Structures are given as C-alpha cells and as structure tokens.
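Summary of structural features
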Amino acid sequence: MISAHNVKKYFGNNKVLDIASFEAREGEIIGFLGLNGAGKTTFMRILTSFLPTTCGDVRVCGYDVAKQSLLVRRHVGYLSEAPPLYPDMVVKDFLRFAARLKDIPARQTPAQVAKALDLCNLNGVASRVIGQLSKGYRQRVAIAQAIINDPKLLILDEPTNGLDPLQILDVRKLIKNLEHKRTVIISTHVLSEIEEFAQRVIIIKQGRIIKDHSLAETPEAAGGAKLFLKLRGKRPDIESALRVMPDAAVTAMTGDDEARAVELDLGKGRESYNELIEALLRTQVQILEIRKPSPKLEDVFIRLTKGPTKEGQSV
Amino acid sequence: MKKTGILASKELRAYFTSPIAYIVMILSLSVFNVLFYMIIDQNREAVLRDMFLLMEFMFVFLAPIFTMKVFAEEKMSGTMEFLQTTPTRNSEIVYGKYLSSVVFFLILLLLTAPYYAILEFFSSPDVPAILTGYLGIFLEGAFFIAIGVFTSALTRNQIVAALSAYVLILLLYFSVGLEKFFSGTPQALVHYLSVMGHSKNFFIGIVTTADLIYFISGIFLFLTLTRIAIENRLCR
Ligand SMILES: Nc1ncnc2c1ncn2[C@@H]1O[C@H](COP(=O)(O)OP(=O)(O)OP(=O)(O)O)[C@@H](O)[C@H]1O
Ligand SMILES: [Mg+2]
C-alpha cells in the first residue's frame, strides 16, 4: 500500500524529515506519534503528494507520488491539519463538491454524499452553513470529505485536535466505525487515541522513525509492569515483605506509617504478585490500596521522546 | 477540463453568497449611471466611446477587488491543500478560478447593456463600434483579472494580493506616460506594453490582430505564471 525509502525533506538547509524505510500493508491502522514539529504533517503531505520530497522514493498504492500524483490522489483521502472547509458553503453542497473533484461520477454522487453524512452522523446538519457549525461538527464534515470516495488510504492529521472530551469520543467512535478494509494513518498527540484502535504505532522524533511498535506485542517489552501499593504499617515490616520478590525494584516510597505509598517495578516478564500479598498478610501491615496501572504506551512515548535520543537508536 | 466547470460554478456561487459581489455591482453601476448621464448630457452624441474609457479606468480599480481572494483566501484557510490533494490538475484549478471571475465580470458588463438600449431608443448609434467596444473592454478586464489571479497566487494575504495587482495594472495602464523617459527599443517596448494603446482602437470600432494578440497572450502568460506559482507552492 505504502512504501517509502530513503525519504529526505529539507526546508532550505533545515532537514525536517529523514525516513530510512517505511512500509504499510493493506488494511493496517497506523498511528503517527510525535511532539510538535517532529515531522508528522510533513510526512503525511509527502504521502498525499502535496509536498515533493527532496530525495527518496515514495510509492502509494503502487504509484509514484512525484510522477503519478493524480493517480495517487485518486486513492487517498486526506484530512489536513487545518480542516479544509469553506465557511460559506452548506454541508451537503461542500460534500457534493468534494465528491465531484474526486472523480465520483455525477450519478453516484448523491449516494456517496448520503453515505458519508450517515457515517459521520451529519444528517441533522446537512443543510446548515459550515461556518455556523460547532468545531466538532466542522471536524466531522472535514472527515466526511476525506472518506467521500472510499479511499484505499485514509490519512488523518490530528483528527481530534482542539475538540472537547465528548467530541473526541465521538470522533474516535466515528473513526472506529469506518470499515477497516482500508489503510488508515492517524497522527495525534493524544496517545490513548491511538492505543485504542491502531495496530501499529510509529514514533517520529526530529524527522526520524525512532520506534515502529506493533501493538500486538505487550508494552512490557519496554519495561516491567508497575505495581502501586498504599500500606499502613512500619517500614521494616514492609521492606521484609518486599524481599519475597527479589526481581522487583522499589521505585518510590513516600509517606509515613499511617499511609505509605510504594511503587514497584515487578521486573521483566513478571505480571503476578501473589507471594508479595501473602507476605504482607503475615505482617501487621494493613493494605489500603493495590493498583496495577496498565503499562501505557504513553510512558513509552514520553520516555522515548523526552530524553536526548541518539540518532537511529533502537529501543 | 470537466473539473474547471465544477470549480468555476462553485466559485461563482461563492461570489454571490457573499455581500461583496452585490456591493461591487451596485457601486460600479451607480458610478456608471452618473457618468453615463454626464457624458451624454455633455457630448450629445450617440456613442459609448467615452463611457468605455471611464469603464476601463474603473476596472483598473475593480479587477483586483474581484480577484484578491481567489487564491489568497484558500491558502489562508488551508483549503488549497484540499484542492491540491484531490485528483485535480493545477491548470484546472487555475482555469476554474479564472473562469468564475471572468463570468462575474461579464455579468457586470451585461448590466450596462441598458446604456446601449437608451441610445438605440433616442437615436441610431454606431452598433459595430459599440460591439467592438464591449469586446475591447471585456478583453481588457479579462487581462486585468488574469493579473489579479496571479498576484493572489503569490501570497496568503488578500491586501498584499490586491496591492501588487494594482502596481502591475497601473504600470501597464499608465505606461503611456512613462514612454518619454525612454528611447529606441525600450521605448517601443513600453509603448507596446501600454494597455490603453491597445484598447483605444476597440472603442472606435477597429479590431486589429495585434491588439487581440496583446490581450490574449497577456491573459495566457499570467495564467501560466499562476499555474507555475501554485504548482511549485511558491507560497503556502
Ligand atoms: N513550509 C515550511 N517551511 C519551512 N519549514 C517548515 C514548513 N513546514 C514545516 N516546516 C518545519 O518542519 C518541521 C516539521 O513540521 P511538521 O508540521 O511536519 O511537524 P508536526 O509533527 O506535524 O508537528 P505538530 O505536532 O505541531 O503538528 C518543523 O520544524 C517545521 O518548522
Ligand atoms: Mg502537524
């Protein structure tokens, strides 16, 4: 579906993108993660053939983005960073216009528009002027525009940017509802969004892919599972109980005898902690709270992007 | 080229959903009406020649207002990225936008047809001269619009687009006055570039191939430059 090799993009002398290799298969849902200015939008613009690369070979649906850009664009649906909308247009007129520009024959246009309105829950506002809609609805119109011609590749640049939490849930549901036969690429800062339905997450930093992470594998690979305890009791008792798990490391211990918060790293590959509970039950220590925060991709992301990462380092 | 029509009709509808179209039309027609009355009152001749000269002068100022938003607004709002990621050729985008502005201009011109009707009613005007006059004013307006479309493609700021169109159009319009600073070939060039030198023949009923070529090649030159500008994303 997509293959990109040795792609570099310079703005003047400023290298903003350097992708050694990126491939995507049909039907894959891929998240692009990265901080502001990482190069996500630039990469997406190259995939949609909006921006030319400085050098490199990019093929989408088998077509070269530089030489066969019209064919590429026929198969790609794109929601750009700034929702591309004409504020003076009526929703369904705009969708009709988008459909016609995307080579949908006049006969099929009404059906395609109706389908997009349905999918994006826009039937109630189909006759309203776009400029008068709320931001969330405008975003849906922009998404409807992107899916109007059933593209084989759907590229969404920060689809939930600037929405309130309810609207984010709405848009997320919408994206999930799209038939997943197509390849979808989503960029976002809201990591939980990607975790939920992406099969693969690409972390981009300073224009490079620093992690290509399949969500089929557990995030534990990136570090041990964490355990959070709140205990009432003497510190030596707690420490002796903790010794039954030699692999576990205490990452933080705060508070006093009344309420002591303990954070543990269970160690690589460990998930259960029965013996620790048994050991605690044998002491005078009271257990106030046990929590196992599910290891978040977010942690991985922050760890990978925050510190100075050496070029090309694999994590 | 089917897309050209789709784009043009969308653009034209946009012209008429914003109040600017009506304001421009009402303002220019009011000015034309007053001038028409004054000219006829003074000349007592059944010709529109002086009327055309005044319209020409008005369009120098109106054309950039028609065209300033054509591309600048799309860039500002990010819809240019939408247009250029649909399977639409850059030339189709340019022609579609240009066509809509020209049709809008044509509608404005047609609204001055009553002047001819009035002349016809009271006397027997020189019909061929009026027709060639309209052809001339149309070609000239279409040329100015091509210039305005081009400057709009170079910036995302509508004011900058309009001002740079004024600079180009006024240079072409007043270049007659600049002629005396040159001699020899440069003078001939400045003379050739002057729009007024080419439009005045139309107004007195003369159509020459040279004048037609001047306007038509000017239009294509600026439309091609526009295409190159948006193709190479000279301004995003
Ligand atoms: N037209 C341009 N001219 C010059 N530099 C640019 C241009 N567009 C982007 N850049 C630079 O390229 C880098 C990557 O920008 P890009 O928009 O791709 O980042 P991003 O990952 O999408 O960030 P964000 O999360 O803020 O959207 C930035 O440093 C930006 O300044
Ligand atoms: Mg971005």
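The rules we used
Residues numbered from 1 in each chain as written. Chains lettered and ligands numbered in written order. Predicted model: local features only at pLDDT ≥ 70, side-chain atom pairs only at ≥ 80, totals over all residues. Heavy atoms only, no water. Near = heavy atom within 4 Å. Polar contact = N/O pair within 3.5 Å; in protein donor to acceptor, adjacent residues only side chain to side chain. Areas by Shrake-Rupley, 256 points an atom, 1.4 Å probe, with all protein chains shown as cover. Nonpolar A, V, L, I, M, F, W, Y, C, P; charged D, E, K, R; others polar. Pairing = 2+ DSSP bridges. Helix = DSSP H or I, 4+ residues; strand = E, 2+ residues; numbered from the N terminus. Axes fitted to C-alpha atoms, helices over the stretch in contact; angles between N-to-C directions. Contact = heavy atoms within 4.5 Å. Buried area = accessible area lost by both parts, 1.4 Å probe. Salt bridge = Lys/Arg side-chain N within 4 Å of Asp/Glu carboxyl O. Parallel < 35°, antiparallel > 145°, perpendicular 65-115°, else oblique. Patch = residues over 30% accessible without salt bridge, like charges linked within 9 Å, V, L, I, M, F, W, Y side chains within 5 Å. Donors = N, O, S within 2.8 Å, 3.2 Å for Na, K, Ca; no water. Buried < 20%, exposed > 50% of the residue type's maximum accessible area, 1.4 Å probe, protein only. Expected span 1.5 Å × (residues − 1). pLDDT = per-residue confidence, 0-100. Left-handed = near helix turned anticlockwise from the far one by under 90°. Phe/Tyr/Trp six-rings, centres within 6.5 Å; stacked < 30°, edge-to-face > 60°. Lys NZ or Arg CZ within 6 Å of the ring centre and 35° of its normal.

1. Considerations on the site of ligand 1
Taken together, the neighbourhood of ligand 1 is formed by 14 residues, with Gly37, Lys40, Thr41, Thr42 and Glu81 of chain A sitting nearest. Close to ligand 1, residues of chains A and B are found. Separating an oxygen atom of ligand 1 from a backbone N or O atom of Ala38 of chain A is a distance of 3.2 Å. In this structure, an oxygen atom belonging to ligand 1 sits 2.5 Å away from a side-chain N or O atom of Thr42 of chain A. For ligand 1, whose free accessible area comes to 630 Å², the fraction covered by protein is 67%. Of the residues that constitute the shell around ligand 1, the class distribution is 4 nonpolar, 6 polar and 4 charged.

2. Some details on the sheet that holds strand S14 (residues 286–291) of chain A
Across a sheet, strands are paired by hydrogen bonds formed along the backbone, either parallel or antiparallel in direction. Residue and element names in this part refer to chain A. What the 4 strands build is an open sheet, ordered S12-S13-S11-S14; its pairing is antiparallel. Because the sheet does not close on itself, it has two edges, and the strands there are strand S12 (249–255) and S14. On average, adjacent strands in this sheet sit at an angle of 20 degrees to one another, irrespective of strand direction. Pairing analysis gives 6 bridges linking strand S11 (residues 226–232) to strand S13 (residues 260–265), with the strands arranged antiparallel. Bridge pairing links Lys230 to Ala261 in S13. Sheet strands touched by helix H9 (residues 274–282): S11, S13 and S14. Its angle to S14, the strand with the most contacts, is close to 160 degrees.

3. Description of the interface of chain A and chain B
Across the boundary between the two partners, chain A contributes 26 residues, which contact 22 residues of chain B. Summed over both sides, the interface between chain A and chain B buries roughly 2300 Å², with carbon and sulfur atoms accounting for 65% of that surface. Looking only at chain A, the three residues that lose the most surface to chain B are Phe50, Arg73 and Leu101 of chain A, adding up to 31% of its buried area. Counting every contact that joins chain A to chain B gives 2 salt bridges. Residue Glu81 of chain B is joined to Arg45 of chain A by a salt bridge in which the shortest nitrogen-to-oxygen separation is 2.9 Å. Inspection of the region where chain A meets chain B yields 8 residue pairs in polar contact (both at pLDDT 80 or more).

4. With respect to the packing of helix H4 (residues 69–77) of chain B against helix H6 (residues 90–110) of chain B
Each pair of packed helices can be described by the angle between their axes along with the distance between the axes. Residue and element names in this part refer to chain B. Contact geometry for H4 and H6: axes closest at 11 Å, N-to-C directions at 125 degrees. Put simply, H4 runs oblique to H6. Note on element contacts: H6 touches H4 through Ile93, Val94, Lys97 and Ser101, opposite Val70, Phe71 and Glu74. A class-by-class count of the residues in the contact of H4 with H6 yields 4 nonpolar, 1 polar and 2 charged.

5. Quick word on a nonpolar patch on the surface
Together, Val167, Leu171, Leu178, Phe181 and Phe182 of chain B make up a nonpolar patch on the protein surface, roughly 480 Å² of accessible area in all. The topology assignment puts Leu178 of chain B in helix H9 (residues 158–178).

6. Some points on the coordination of the magnesium ion (ligand 2)
Residue and element names in this part refer to chain A. Listed as protein donors to the magnesium ion (ligand 2) are Thr41 (OG1) and Glu81 (OE); their distances from the metal cover 1.9 to 2.1 Å. With Thr41 in helix H1 (residues 40–47) and Glu81 in the loop between strand S6 (76–79) and helix H3 (91–101), this residue pair connects regions lying 40 residues apart in the sequence. On the basis of relative accessibility, which here comes to 13%, the residue Thr41 falls in the buried class.

7. Section: helix H8 (residues 127–152) of chain B
Taking 1.5 Å as the rise per residue, H8 of chain B with 26 residues should run 38 Å; its terminal C-alpha atoms sit 37 Å apart, in good agreement. For H8 of chain B, the tally of buried residues reaches 21 of 26 residues, placing the bulk of the element in the interior.

8. With respect to the side chain of Ser100 of chain B
Residues and elements named next belong to chain B. Examined against the element boundaries, Ser100 turns out to sit in helix H6. Judged by its relative accessible area of 2%, Ser100 is buried. Filtering out sequence-adjacent residues up to four positions away, Ser100 remains in contact with Ala8, Glu11, Leu12 and Tyr15.

9. Some words on the pairing of strand S10 (residues 208–214) of chain A
Residue and element names in this part refer to chain A. Bridging between strand S9 (residues 200–205) and S10 involves 6 bridges; their strand directions are antiparallel. Paired with Ile203 across the strands is Lys211, a residue of S10. The turn linking S9 back onto S10 is made up of 2 residues, and Gln206 within it adopts a positive phi angle of 45 degrees.

10. Focus: the confidence of the model for chain B
Taken as a whole, chain B shows an average pLDDT of 88; of its residues, 99% reach a score of 70 or greater. For chain B, per-element mean pLDDT is lowest for helix H7 (residues 113–122) of chain B, which scores 82, and highest for helix H12 (residues 209–231) of chain B, which scores 94.

11. Structural notes on the pairing of S11 of chain A
Here S11 of chain A runs beside S14 of chain A; their pairing, made up of 5 bridges, is antiparallel. Along S14 of chain A, the bridge assignment pairs Phe228 of chain A with Arg291 of chain A.

12. Overview of helix H11 (residues 195–203) of chain B
Count 3.6 residues to each turn of an α-helix, and residues three or four apart come out pointing the same way. Residues and elements named next belong to chain B. Restricting attention to buried positions, one finds in H11 the residues Val195, His198, Ser199, Asn201, Phe202 and Phe203. For H11, the elements touching its buried residues are helix H3 (49–67), H8, H9, helix H10 (184–193) and H12. The N-capping residue of H11, defined by a side-chain oxygen 3.4 Å from the backbone nitrogen of Met196, is Ser194. The positive-phi residue at the C-terminal boundary of H11 is Gly205, with phi of around 90 degrees.

13. Describing the packing of H3 of chain A against helix H4 (residues 109–119) of chain A
All names here are of chain A. Running from N to C, H3 and H4 cross one another at 125 degrees; their axes reach a closest spacing of 9 Å. With respect to each other, H3 and H4 are oriented oblique. Helix-helix and strand crossings are classified by hand; for H3 and H4 the assignment is right-handed. On H4, the residues touching Val91, Lys92, Leu95, Arg96, Ala99 and Arg100 of H3 are Thr109, Val113 and Leu117. Residues belonging to the contact of H3 with H4 are distributed by class as follows: 5 nonpolar, 1 polar and 3 charged.

14. What to know about the packing of aromatic side chains
Following the criterion strictly, the structure yields 31 aromatic pairs over all chains and no others. An angle of 85 degrees between the planes, with centres 5.1 Å apart, marks the rings of Phe121 of chain B and Phe122 of chain B as edge-to-face. For the pair shown, Phe121 of chain B and Phe122 of chain B are each scored as exposed. On the numbers, 5.7 Å between centres and 75 degrees between planes, the contact of Phe143 of chain B with Tyr214 of chain B is edge-to-face. Highlighted residues: Phe143 of chain B in helix H8 and Tyr214 of chain B in helix H12, separated in sequence by 71 residues. Classification of Phe143 of chain B by relative accessible area gives buried; the value is 4%. Taken together, Tyr15, Phe16, Tyr22, Phe32, Phe59, Phe66, Phe104, Phe105 and Phe138 of chain B form an aromatic cluster joined through their ring pairs. Directly above the aromatic system of Phe11 of chain A lies the positively charged group of Lys9 of chain A, at a separation of 5.2 Å from the ring centroid. One Lys or Arg, Arg140 of chain A, reaches over the ring of Tyr137 of chain A and ends 4.4 Å from the middle of that ring.

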